[in-house]
Amino acid sequence: MNAKLTALVALVRKDIVLFFSNKRSLVITLAAPIAVAAFFGSLFAPGSDKLSKVPIAVIDLDRSTLSQKIVSALSADAALAVTPFSDADAVADAGVAKHGQGQAVTQAMTLVQNGKLRAAIVLPVGFGAEATAALFGSIDERKKPQVDIHYDPSQSMVLGLVRGILAQHVMQAVSQSAFSVNSPAVARLREEMQKATDGDANKISPDLKRDLSAMVDSIAKVQAARASSADKGAAAAAPGFSMPFTTNATEVTSGIDKKYNSYAQSFAGMSVQFILFMGVDFGVGLLLARRMGLWKRLRAAPISTRLLLGSSIASCTLIAAIVMSIIYAAALAFFKVRLEGSIIGFMGVMWAFGFLTATFGLLIAAIGKTPEATRGLAIFATLLMVMLGGAWVPSFVFPEWLQTVSLGVPTRWAIDGLTAMTWRGLGLEAALAPIGVMLAFSAVFAMIAIWRFDWEE
Amino acid sequence: MLLTTGSPLAKGAATAVDASRVGLIAAGLSKRYGDRRVVSDVSITVQPGEIVGLLGPNGAGKTTTVSMICGLLKPDEGSIMVCGVDAVKNSDFTKRRIGLVPQDIALYETLSALHNLELFGALYGLAGADLRKRAHIALELVGLADRARDKPATFSGGMKRRLNIAAALVHDPDVLILDEPTVGIDPQSRNSIFDNLEALRARGKAIIYTTHYMEEAERLCDRIVIMDHGKVIASDTLAGLYTRLPASQTLAVDFEGDLDLAALCRVSGVREAHVKNNQLKIALDDLSNDAATVLVWLGAQELKVNHVSSGRANLETLFLALTGRQLRD
């Protein structure tokens, strides 16, 4: 082997030995991609039944047999988690429906605005009767009953899902109602034909009347035959003629003239992620300062260790708040993100998150032994928190158990708080919980850090 | 406060002293880590205008001792008085009177030299024009006034070391503690640092200088405390320590073969002899008279002598005599 090759082999060998000798770094290098891949794989696995139910509300203003049947079917659907509204609320809403928005609808829309529900479906007064009639295509499209769907615009893909499931259950219920043996719809059709003929013979010709009667008779005959057969499920699957309703989808934002801005969501997620990375650098910087002997020099000064750690927390909090301010200034200036909610609430969330970042940095400095090992561990922890916080993928696509787990991750609260104060347009009270949770996490992080912080490497 | 011999604080001080006029009195310091006793009953006294060398091999307990004096570690036993004030009870005051030069170059590389000094000065309560003035004085003292606006990242190793010292001087301490301040620098920079320290001594600073380089201690220190395994094994002026040497002159012999060391020690003129790695060190009463006798005796033992050199006894010899080991072991 010539000298150059020997040197090359020795250098390569050195790097490999160094890489594999750092066990902690090696574990992180292997664990991080496996954990992230497993996380996303499980989220988007085909046929996975782990996906959470979509939380929606259904307000039944109609209170008819048909509408109640639809509500029951929606409630039983495996893909939905329907929040029940009391009969009293719905009845009260039905009374005011013609004049404005009832209390139940307002409540449901507030839940959507707060991100607790993805959508609220409102079945209007008279829906049962009008939908059955509309099934035969005899009603003008504009006169079909209109179902309002108020949805969370940050999760607009849910709208399609809700629309589809609603259509399925409405069609099943309406077609069952229309084509049953003693269908009130068919009876009403006969009655209306008779009335039309009796009132004015010119309105309907005898031929047309005969044809329509034959059609109605055949429907009744078919349904009677089906009813007598053992396979009752087939009746349920009977095809309809046309969609018996229309939908009116509206975004639930802070106001009628306020449109959802997707940048507001992404800026919340990305600012949280990259400021946390800054916190990691801050923590690693503390370890490097310790290695350089700077802590020794600082501690030799007549200042307490609490003041030293406190100054580190204060400076990192300040830097994080400044960085977030600049990021949001760019969002406001160039991406039309607006602080639709409480500005004080936004500032509170921002400072609380800055404090969280600082104490997180201090925590990893306290737990980590060397800068090299700590960096990998901290980045892994940050990625986990960011993923679980919903910065990359909205948390509503997580399995239910993971959604519950994510409530224990402070980044979830940071992102929720920022979106609440921006596009959701919520008031100060909506910022209090995120601020409180982040401060609580910060306090725990700080206590562990002060307890574990090792002044000597 | 007057201390007399026998008082716990005066332990290590030879006679009655006025503690308020002494820069530093550390008495009976001990420190344990678990079951391991790293410093045991160490006493050091430093007067204003005096440089006391803390000499010992790596792991002797020098840095631990210095850390206790500076308030970085709490001693398990013993007491520390700085300018007459109890350092354990009044650490804020005594920390203001001490300047620490850590073994590492503890500077912010991306802040300018002046900004570094202003930062460290501010930690001691200096502010405004006074802080700037003190920072400039400190830079002047270490010969870096013309580089005040430059960042340490652009400095040579020697310049960084000098700035490291300046950072400990900016608050004008009475006691300066330097923990191996010349590690890894060239002789020219080392001499420059020695000049700085001699100037500080002339200004009345009480200085502790830890090192494992005996040459540095010999050149710089008025008194020397030699430590090994966490204990003080000798403490005196350089002249006083030399009186403890078995002889003032030595003969070093590189040899091959089997040597009867006990027999060698009985040869006329030989005060003491040690052998390590086939190198023999012999302390002689009179080199001119006794060297030839010893060499003849070695020849008679059928040893192969490869190299012979002679020299004056030094701290290395003393450490060898006291511990049976070399200082750099």
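Parameters at a glance
- Residues numbered from 1 in each chain as written.
- Chains lettered and ligands numbered in written order.
- Predicted model: local features only at pLDDT ≥ 70, side-chain atom pairs only at ≥ 80, totals over all residues.
- Heavy atoms only, no water.
- Helix = DSSP H or I, 4+ residues; strand = E, 2+ residues; numbered from the N terminus.
- Buried < 20%, exposed > 50% of the residue type's maximum accessible area, 1.4 Å probe, protein only.
- Areas by Shrake-Rupley, 256 points an atom, 1.4 Å probe, with all protein chains shown as cover.
- Contact = heavy atoms within 4.5 Å.
- Buried area = accessible area lost by both parts, 1.4 Å probe.
- Salt bridge = Lys/Arg side-chain N within 4 Å of Asp/Glu carboxyl O.
- Polar contact = N/O pair within 3.5 Å; in protein donor to acceptor, adjacent residues only side chain to side chain.
- Nonpolar A, V, L, I, M, F, W, Y, C, P; charged D, E, K, R; others polar.
- Pairing = 2+ DSSP bridges.
- Axes fitted to C-alpha atoms, helices over the stretch in contact; angles between N-to-C directions.
- Parallel < 35°, antiparallel > 145°, perpendicular 65-115°, else oblique.
- Left-handed = near helix turned anticlockwise from the far one by under 90°.
- pLDDT = per-residue confidence, 0-100.

Brief notes about the overall build of chain A
Next, step 1: Each helix and strand in chain A was counted, giving 18 helices and five strands.
Next, step 2: Buried positions account for 45% of the 457 residues belonging to chain A.
Next, step 3: Counting only carbon and sulfur atoms, one obtains 64% of the accessible surface of chain A, whose full area is about 22200 Å².

Re helix α3 (residues 113-123) of chain B
Spacing of three or four residues puts side chains on the same side of an α-helix, whose turn is 3.6 residues.
Next, step 1: When you tally the buried positions in α3(B), you get eight out of eleven residues, the bulk of the element.
Next, step 2: By the burial criterion, the buried members of α3(B) are Ala113(B), Leu114(B), Asn116(B), Leu117(B), Glu118(B), Phe120(B), Gly121(B) and Leu123(B).
Next, step 3: Where α3(B) is buried, its residues meet α12 (294-300) of chain A together with α4 (128-141) and α5 (157-169) of chain B.
Next, step 4: Just downstream of α3(B) lies Gly125(B), where phi reads positive at about 90°.

Some details on the interface of chain B and chain A
Note: interface size is frequently given as the accessible area lost on complex formation between the parts.
Next, step 1: Counting from both sides, the interface comprises 21 residues of chain B and, opposite them, twelve residues of chain A.
Next, step 2: Buried area between chain B and chain A, summed over both chains or domains, comes out near 1600 Å², and the portion from carbon and sulfur atoms is 61%.
Next, step 3: Considering only the surface of chain B that becomes buried against chain A, Leu72(B), Lys95(B) and Leu123(B) emerge as the three largest contributors, covering 35% of it.
Next, step 4: Run the count over chain B and chain A and you get zero salt bridges.
Next, step 5: Taken together, the connections running from chain B to chain A amount to five residue pairs in polar contact (both at pLDDT 80 or more).
Next, step 6: Looking at the side of chain B that touches chain A, the elements that each hand over two or more residues are α1 (62-70), α2 (91-97), β8 (98-101), α3 and α5 of chain B.
Next, step 7: The class makeup of the residues in the side of chain B that touches chain A is 14 nonpolar, two polar and five charged.

Quick notes on the sheet that holds strand β4 (residues 36-46) of chain B
Residue and element names in this part refer to chain B.
Next, step 1: Read from one edge to the other, the open sheet built from four strands follows the order β4-β3-β6-β7, with strand pairing classed as antiparallel. The open sheet has two edge strands, β4 and β7 (85-86), and neither has a second partner.
Next, step 2: Pairing of strand β3 (residues 24-33) with strand β6 (residues 77-82) involves five bridges; the strand directions are antiparallel. Directly across from Ala 27, in β6, lies its bridge partner Ser 79.
Next, step 3: The strands touched by α1 within the sheet are β3, β4 and β6, with β3 carrying the most contacts at an inclination of about 120°.

Some thoughts on the side chain of Ser112(B)
Next, step 1: Within the fold, Ser112(B) resides in the loop between β8 and α3.
Next, step 2: Exposure remark for Ser112(B): the relative accessible area of 16% places this residue in the buried category.

Describing the packing of helix α11 (residues 262-291) of chain A against helix α17 (residues 410-421) of chain A
Residues and elements named next belong to chain A.
Next, step 1: Running from amino to carboxyl end, α11 crosses α17 at an angle of 140°, the nearest separation of the two axes being 9 Å. Comparing their axes, α17 and α11 come out oblique. The way α11 lies across α17 gives a crossing that is right-handed. Two secondary-structure elements touch here, α11 through Ala 264, Gln 265, Ala 268, Gly 269, Ser 271, Val 272 and Leu 276 and α17 through Thr 411, Ala 414, Ile 415, Leu 418 and Thr 419.
Next, step 2: Across the contact of α11 with α17, the residue classes break down as seven nonpolar, five polar and no charged.

Considerations on the environment of Leu61(A)
All names here are of chain A.
Next, step 1: By the element assignment, Leu 61 lies in the loop between β1 (54-60) and α3 (65-76).
Next, step 2: Exposure remark for Leu 61: the relative accessible area of 8% places this residue in the buried category.
Next, step 3: In this structure the C-alpha to C-alpha distance between Leu 61 and Ala 104, which are 43 residues apart in sequence, comes to 9.6 Å.

Observations regarding the confidence of the model for chain B
Predicted coordinates in areas of low pLDDT are best not read in detail.
Residues and elements named next belong to chain B.
Next, step 1: Looking at chain B as a whole, its pLDDT mean stands at 86, while 92% of the residues score no less than 70.
Next, step 2: When pLDDT is averaged over each element of chain B, β8 comes out on top at 96 and strand β1 (residues 2-3) at the bottom at 38.
Next, step 3: This model gives residues 1-16 a pLDDT under 50, and the stretch forms 33 contacts once residues within four places in sequence are excluded.

Some remarks on the pairing of strand β12 (residues 231-237) of chain B
All names here are of chain B.
Next, step 1: One ladder, built from six bridges, connects strand β11 (residues 223-228) with β12; its direction is antiparallel. The residue bridging Arg 223 from the neighbouring strand is Thr 237, located in β12.
Next, step 2: Counting the residues that bridge the hairpin from β11 to β12 gives two residues, and of these His 229 lies at a positive phi of roughly 50°.

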